[in-house]
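# Notes for the structure review
The residues making up each chain are set out below.
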Amino acid sequence: MLSKLKAIFGAKNSRNLGDFAVLKSDFLGAKVAPEVAEKLRSLAGYHPPIDLAKLSQYPQGSFGREYAKHMNANHLQPLNVSPELDEVAKRNVFALRYVVTHDIFHVLLGFDTTYAGEIGVLAFAAAQNYSKSLKLSLWLASLLYPILAPQQFSEIFVNLQKGYQLGKKAEFLLSYRFEEHWEEPINEVRKHLGLSPNFSILP
């Protein structure tokens, strides 16, 4: 346990946020149902680096271009994972993919990075039954977020319902290899995954 904690804080201090997020999630030990683990099995060790500069050159309206636009507008960096974490990436596929795809979900689902936007993404993940811990996190967020951001009170609960409904009708997003579809139109990706193609593209 001590060695894991040292690795977590080492990654945080190095500002390697992808490694930090994966190690933290792995340490907390979120459990997934056997059927979820089976769906993720083929993604063991799959973590191709994401290059925002390259994605920014893709055509307007493409998945990669809109993802890069979202990340740059919010001063975010992809949570890329170092090759040194291959063992963790193969052992805990859920921790890996949930961390790497979080901002991708924001873009595909049309939720911003406010508390209201975050609860929409969390509600989606909970509805997709990724893990019981996410359902607990959603319950806690529904209590805390209205207190932390009272001005977003109505939007928080609207997005909670919207995210949950999207999660129920969409394909199982966590097993999708998003990184192989950057050049496709974002609405085509959404349609393929069972999401509404009529979202407005994020600014």
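Anyway, here's the lowdown on the structure attached to this text. Here the structure is a predicted model, which is why all the values come from computation and not from measurement.

Calculation notes
Residues numbered from 1 in each chain as written. Predicted model: local features only at pLDDT ≥ 70, side-chain atom pairs only at ≥ 80, totals over all residues. Heavy atoms only, no water. Salt bridge = Lys/Arg side-chain N within 4 Å of Asp/Glu carboxyl O. Helix = DSSP H or I, 4+ residues; strand = E, 2+ residues; numbered from the N terminus. Buried < 20%, exposed > 50% of the residue type's maximum accessible area, 1.4 Å probe, protein only. Phe/Tyr/Trp six-rings, centres within 6.5 Å; stacked < 30°, edge-to-face > 60°. Lys NZ or Arg CZ within 6 Å of the ring centre and 35° of its normal. Core = buried A, V, L, I, M, F, W, Y, C linked by side-chain atoms within 4.5 Å. Contact = heavy atoms within 4.5 Å. Axes fitted to C-alpha atoms, helices over the stretch in contact; angles between N-to-C directions. Parallel < 35°, antiparallel > 145°, perpendicular 65-115°, else oblique. Nonpolar A, V, L, I, M, F, W, Y, C, P; charged D, E, K, R; others polar. Expected span 1.5 Å × (residues − 1). Bend = angle between axes of the 7 residues up to and from the residue.

This part takes up the pattern of salt bridges. Counted under the stated rule, the structure contains 4 salt bridges. Linking R97 and E179 is a salt bridge whose minimum nitrogen-to-oxygen distance equals 2.9 Å. Of the two residues, R97 sits in helix α7 (residues 93-109) while E179 sits in the loop between α10 (153-169) and α11 (186-192), which places them 82 residues apart along the sequence. Here the two residues R97 and E179 agree in accessibility, since each one is buried.

Further remarks concern the packing of aromatic side chains. The tally for this structure, following the rule as stated, stands at 11 aromatic pairs. One aromatic cluster is present, built from ring pairs that chain together F63, Y67, F105, F124, Y130, F172, Y176, F178 and W182. Over the aromatic face of F172 sits the side chain of K39, whose NZ or CZ is 4.5 Å from the ring centroid. Lying across the ring of Y46, R177 places its NZ or CZ 4.3 Å from the centre.

One finds L108, Y130 and L173 to be the most contacted residues of the largest nonpolar core, which totals 48 residues. Only α3 (34-40), α4 (52-55), α5 (63-73), α7, α8 (115-127), α9 (132-148), α10 and α11 provide two or more residues apiece to this core. Every residue in contact with Y130, bar those within four places of it in the chain, is listed here: V32, V36, F94, Y98, F105, F124, A125, F172, L173 and L174.

This part takes up the packing of α5 against α7. Running from amino to carboxyl end, α5 crosses α7 at an angle of 110 degrees, the nearest separation of the two axes being 10 Å. Classified by the angle between their axes, α5 and α7 sit roughly perpendicular to one another. Of the residues in α7, those in contact with F63, E66, Y67, H70 and M71 of α5 are D103, I104, H106, V107 and L108. Here the contact of α5 with α7 is built from residues that sort into 6 nonpolar, 2 polar and 2 charged.

Quick look at α9 now. Look at α9: 24 Å from first C-alpha to last across 17 residues, which is about the 24 Å you get at 1.5 Å a residue. The largest bend in α9 comes to about 30 degrees, at A141. For α9, the full list of buried residues reads L134, L138, A141, S142, Y145 and P146. Residues of α9 that are buried in the fold lie against α7, α8 and α10.

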